[in-house]
Amino acid sequence: MTERRRVRRGLLAVGAAVLLALAGCGVPDSGPPVVVSTAPVTGSQGGDESNQRPADLPTPETATNPSDLVQLFYRAAGADPNQVQSTVSAFFTSDVARTWRPDPAGLTVVRITSYTVTDQSKDKDGQERATVRARGQLVGVLGDRGIMQSPPLGRSRSYQQLFHLVRVPVPNGTTKEWLITNPPSETLMSTEAMSTEYNATILYFASPDHRSLVPDLRYMSVGVLAPKQRTILVDWLLAGPSPWLGQAAVNDIPDGTKRRGNVVASGTNVVVVDLSSDAAAAPHTDMLAAQLAWSLRMQAPRLQLRVEGRAVHIPGVRGTTFDASTWHGYNMSTIGAGSTGYYVSGGRIVPATSNESLPAVLSGSLAGELNSDVQRAALSVDGSTALLVRAASDGGSEVWLGRAGGENRGGVVYTPVTGLGAHGIGTPSLLPGSATALVPVRGSLRSVGSDGAAHAVTYSEPPPGGNVTAVSVAPDGCRVALVADGHLYVAPLLTGPGAGRLTIGRLRPLASTFTQLTEVTWTQEDEVAFGGRGTVSEDGPLSGGPRGGVWQFSVDDVSSDLLTGSAGDAVPDQLASATSDPSKGGAHGTILLAASGRIAQITGNEVGPPGGATRSPHGSSPFFPS
Amino acid sequence: MRATVDAAVRWIRRTARRLAPGVMRRLRRAFGPWRRSLNLRVVSITLLVSSLLVAAFGYFVAKQITAGLLVAKREAAIRQVSNGANTVEQQLSTLSGPQDPELGRNVRDVVVSLYNEATRAGTYEVKLVPDAQLDTAPYGGPADPASIKVPPALRDVVSRQGTLAYQFTTANPGGGALKPYLAVGVHVDVGWGVFDLYYLFPLDDEVSAANLIRTTMIVAGVALVLLLALMAAIVTRMVVTPVRAAARTAQRLSAGLLHERMEVHGEDDLARLAASFNQMASNLQTQIVRLEELSRLQRRFTSDVSHELRTPLTTVRMAADMLYAGRDDFPPTAARSAELLADELDRFEALLTDLLEISRFDAGFAVLDAEAVDLVPIVQRAVDGFAVLAERLRCPVHLMLPDGPVIAEVDPRRVERVLRNLIGNAIEHGEHRPVEVRLAADDRAVALAVRDHGIGLRSGEEKLVFNRFWRADPSRARQTGGTGLGLSISLEDARLHGGWLEAWGAPGQGSQFRLTVPARAGDRIVSSPLPLVPPDADVLPSGPLALPPGPTRANAGAPGGTDD
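- As recorded in an unreviewed UniProt entry, chain B goes by Sensor histidine kinase MtrB and comes from Actinocatenispora rupis.
- As stated in UniProt under Catalytic activity (unreviewed entry), the record for chain B gives "ATP + protein L-histidine = ADP + protein N-phospho-L-histidine."
- As recorded by UniProt, the Subcellular location (unreviewed entry) comment attached to chain B reads in full: "Cell membrane".

- As recorded in an unreviewed UniProt entry, chain A goes by GerMN domain-containing protein and comes from Actinocatenispora rupis.

Listed below in structure tokens is the structure:
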């Protein structure tokens, strides 16, 4: 071996050693698992949110008698939406339980006023049998997205269901239980059960002019966990307003927008709503955020809107998080809440609270001249507009539209309203934020524009009656409650292309069995109060036949309450209310009512003098700014 | 068992003994050039050391960079997985429970949202594995969920121990060849159930970076090593070249070329070394020339003196012979003086003869008159010449000769002179004990050994006996009238033959002198037919004895391996 070859071989060996050394510092492709840490114990997103309700499903063996079993049966469908079939069919005898299926249309909600056992005996085999009649009113069908769909306008609301029961031994037990042998085709649920098994939840959509929020009442099962409620609410928001609202509300979340993941809490008290890129095309981002904030305000203290995972900076909002208070003014109910009421006393408008004064539009020199012989009035929330119905010298009535902001006569301008006639003019109701008002005139509904001209209000569906005697515009200005032919309705209010051009949408009847209805007013954004006589239960605490007074119903006819429970049986002639602030809660706002020539105020369920007075003053025609 | 082990050990020892010389010879041969070449040694050492340093440095740097890349990747991956776990927990905890009809869709949605998320960890595969008690299937993506394989060991650690863990593995979720992946898993408890979330992060970027780093380090390292080797070679060459020139010059100087000088370039250290070397060479040349001149003058003086003494000595000899011849007519005292004069004149004449012979050796005039002769008669004749003396000193001489003739190309006169010298010395120092004379021969050499059993030689005297006028014990009386130059002349005679003259002795055991000459004149001898140490000696010598240096070294063969 030559010396050169030896050197070459040595160089190769050294090179190989270097290569082997460097080859040892590559990226590993194997190895044992390395534990970084123990996985954090996570679980649900906070104990206070995991409102897992206890399992208290109604079962037939707890019923003590046939009537009790039927009452439990009306609760069963609402107890657990995920187990309707098993829960409800448990009330049926085994032969019919196997074939019974839930109604795909949803839960039929009925207000049961009485359960009557019409027959209870033993048959020839010695088996106990009974027949129970449930009577009440049909409220509607609780369908998808928590929407309560009212029955068609012409359909009778009267409800009656006859149940045949048989008493059979409890399987694997020694006792007996009553079971239904003739299951109804619908999946039934009583309003009473609905009030306990479902939470009324308000979604908010935008008004057509994108200036305010329009409430849309929905129902969420109390069995749904709070974290999931957020996701469900956002899904409902994405699906748009309920059909009943129609064109009175629009969705400022663009069509086609999808939810990216569930709506979850990220960090402390911040809930993230992550939407698909379609949301980036929203022309009214502020209204979109307001919809989310107000709709989720009970489930999410603070929100962050994300599009495709990236936080959205909303104009006018500091940071990327917001809550309902950020968009407080977008809910018109908050503006009029807590405002002072007024009434007419001796032909003059006076504040219901003694230490209050009249707004400028009612206290200027011109107004001072016109604030006489007043029969009814309406006032805007900002105090800039007033509509006065005054007694004319010819024995009729005249209507004046007053607006603040002029240069003469104390800066108030009053314009006589034309086209309404001189007789049969009811209590006007101003649309919020405008000078347009609705006025019932001799059974018809007229709108008064800012120019003082009156127009006939049209209906998208022909009203069953037509004799409109009272009207009240909701704080959002997109819904209206009216009394026509002695029946109470709520309907969407559509604004036409011209000033004062209004259209009443699909009418939804409320309290259909009530009589002697006088006036109606909005006490909450989803509740109306009216004067009338009726009953909601023949067996419950309000039993004892129809009661006169001030009743409060939800706009979908589900919930009801007699506000004047301890104040006699009189039906008030007139009433007015300021809505409660939805951000603060409250059963209703301040209600002023006029009965027997005196003014009274409802606080809670107590009726008393208004404004801390010792006795009810003389007066009539109460009203609140709207 | 023990016997087997012992046998194996013995076999190993035998094999090692058998192979060891060969291995050592190969090693010596392999390292021969390395030992001989300073340039090769420096370059190879530089190459080796720099390679080790560069390799160590490159390994450290590459390892650190790669480790840094992997740590960054791992931390980003863990952060990503932790965020993913939060997302899974947030998303799935909103469900009502295992029976939620939207569970399957939510599992798919959350996985899709996880792998669609743009992160620093790059692209990755995600797999969400529900607990076995949950009635929903695992889901993963963006690759086919079935192709996303999670290492079983990682699944075991994550699922059973409820941990966040990672593992380096290989996978091919997209098909094709296996590639390195970083698998990270975490156990997620969503309140109503548990899931295992796994991410597979491809390490393609890290592999590419590591390859780039490694390639760069290798190329740079090899270039650096070669550069260092080249620099070492250049530097060594710059240093070694003058050293080699100095060595060559020194060799030439030692060969007698006293005018040889180194070239002096520049003014650096090497130039000073060359100048100093040249100065030293000049000084040495001057000294050597002076000493040669002195030696030459001394030899000439000795020769001249010997020659000049011979003429008057002849006259004195004639006169002394006349006196010796007429001593019977002299009174006893005068007769004894005449006898003493004759004896001393014999010794003086012998001394003069030896001096002249030494002078001829010193002057290089000695010439070998070799011819093929039978050495047996020469030996017998030399022994017979000492018969009277031996008898007088009661020292018998035993002659041990081969049966046949021993033919060798030698100068018979010089061989006989050497033999007489050795036999005379043996009889003189034999202490009345027998003297043995042996003659032996082989194909290449002829040996003569003269063994006595006298007082012997002390250690170190084996070399001194060949010095001129050396006497072991100056107080001892000389019986044979030697001049003190006999062994010196004998040594020169042996060298002139190209042979060896060696001595062995031990106190109390006598001594032995061995003359070995080549059988054919001019041949080189490598061994002797007779041992230097006699077989009856009790003490073994420490080794073969070397010839003392002599002036006719060129004609004397170096002692080689002997059979003693």
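### Things to note about the overall build of chain B
Next up, step 1: Broken down by element type, chain B carries twelve helices and twelve strands.
Next up, step 2: Within chain B, counting contacts between residues at least 6 apart in sequence, those at least 24 apart form 67% of the total.
Next up, step 3: Looking at chain B as shown, the accessible area adds up to about 30300 Å², and 58% of this sits on carbon and sulfur atoms.
Next up, step 4: Charge separation in chain B, taken as the distance between the mean sites of 64 positive and 63 negative side-chain charges, equals 3 Å.

### As for the packing of aromatic side chains
Next up, step 1: One pass over the full model with this rule turns up 21 aromatic pairs over all chains.
Next up, step 2: Residues Y166 of chain B and F168 of chain B carry aromatic rings whose centres are separated by 6.1 Å and whose planes lie at 80° to one another, so their mutual orientation is edge-to-face. Summarising the burial analysis for this pair, Y166 of chain B and F168 of chain B share the class buried.
Next up, step 3: Taken together, the ring pairs in this structure connect F73, Y74, F91, F92, W100, Y115 and F163 of chain A into an aromatic cluster.
Next up, step 4: Of note, R508 of chain A hangs over the ring of W244 of chain A, and the distance from its end group to the ring centre comes to 4.5 Å.
Next up, step 5: Sitting over the face of the ring of Y324 of chain B, R327 of chain B holds its NZ or CZ atom 3.8 Å from the ring centroid.

### Structural notes on the sheet that holds strand β23 (residues 444-448) of chain A
Two modes of strand pairing occur in sheets, parallel and antiparallel, and in both the strands are linked by backbone hydrogen bonds.
All names here are of chain A.
Next up, step 1: Taken together, four strands build an open sheet; the order of strands is β21-β22-β23-β24 and the sheet is antiparallel. Of all strands in the sheet, those bounded by a partner on one side alone are β21 (429-430) and β24 (454-456).
Next up, step 2: Of the pairings in the sheet, the one linking β23 to β24 comprises three bridges and is antiparallel in character. Across the sheet, the residue bridging to S447 is H455, located in β24.

### Considerations on the UniProt feature "domain: HAMP" (unreviewed entry) in chain B
Next up, step 1: The positions UniProt marks with the feature "domain: HAMP" (unreviewed entry) are residues 237-289 of chain B.
Next up, step 2: From the first C-alpha to the last, residues 237-289 of chain B spans 35 Å; its make-up is 74% helix and 0% strand.

### With respect to the interface of chain B and chain A
Next up, step 1: At the interface, 53 residues of chain B touch 41 residues of chain A.
Next up, step 2: Approximately 3900 Å² of surface area, both sides summed, lies buried where chain B meets chain A, with 64% of it carried by carbon and sulfur atoms.
Next up, step 3: Applying the counting rule to chain B against chain A returns one salt bridge.
Next up, step 4: Notably, a salt bridge pairs K228 of chain A with D100 of chain B, separated by 2.3 Å at the nearest N-O pair.
Next up, step 5: Put simply, chain B and chain A have ten residue pairs in polar contact (both at pLDDT 80 or more) between them.
Next up, step 6: Elements represented by at least two residues in the side of chain B that touches chain A include exactly α1 (2-36), α2 (38-92), α3 (103-115), α4 (152-161), β3 (163-171), β4 (179-189) and α5 (204-254) of chain B.
Next up, step 7: At 16 residues, α2 of chain B tops the list of elements feeding residues into the side of chain B that touches chain A.
Next up, step 8: Classifying every residue of the side of chain B that touches chain A gives 27 nonpolar, 17 polar and nine charged.
Next up, step 9: Strand direction decides the pairing type here: strand β1 (residues 34-38) of chain A and β3 of chain B, joined by four bridges, are antiparallel.

### Looking at the pairing of strand β19 (residues 397-404) of chain A
Residue and element names in this part refer to chain A.
Next up, step 1: Direction of pairing for strand β18 (residues 385-391) relative to β19: antiparallel, over a ladder of seven bridges. Bridge assignment links T385 to a residue of β19, and that residue is R403.
Next up, step 2: Joining the antiparallel neighbours β18 and β19 is a turn of five residues, in which G395 adopts a positive phi near 90°.
Next up, step 3: Pairing geometry for β19 and strand β20 (residues 412-416), over five bridges, is antiparallel. When the sheet's bridge partners are listed, G402 is paired in β20 with Y414.

Rules used throughout
- Residues numbered from 1 in each chain as written.
- Chains lettered and ligands numbered in written order.
- Predicted model: local features only at pLDDT ≥ 70, side-chain atom pairs only at ≥ 80, totals over all residues.
- Heavy atoms only, no water.
- UniProt positions renumbered as here; feature names shortened; annotations may be inferred.
- Helix = DSSP H or I, 4+ residues; strand = E, 2+ residues; numbered from the N terminus.
- Contact = heavy atoms within 4.5 Å.
- Areas by Shrake-Rupley, 256 points an atom, 1.4 Å probe, with all protein chains shown as cover.
- Lys, Arg positive; Asp, Glu negative; His and termini not counted.
- Charge placed at Lys NZ, Arg CZ, Asp CG, Glu CD.
- Phe/Tyr/Trp six-rings, centres within 6.5 Å; stacked < 30°, edge-to-face > 60°.
- Buried < 20%, exposed > 50% of the residue type's maximum accessible area, 1.4 Å probe, protein only.
- Lys NZ or Arg CZ within 6 Å of the ring centre and 35° of its normal.
- Pairing = 2+ DSSP bridges.
- Buried area = accessible area lost by both parts, 1.4 Å probe.
- Salt bridge = Lys/Arg side-chain N within 4 Å of Asp/Glu carboxyl O.
- Polar contact = N/O pair within 3.5 Å; in protein donor to acceptor, adjacent residues only side chain to side chain.
- Nonpolar A, V, L, I, M, F, W, Y, C, P; charged D, E, K, R; others polar.

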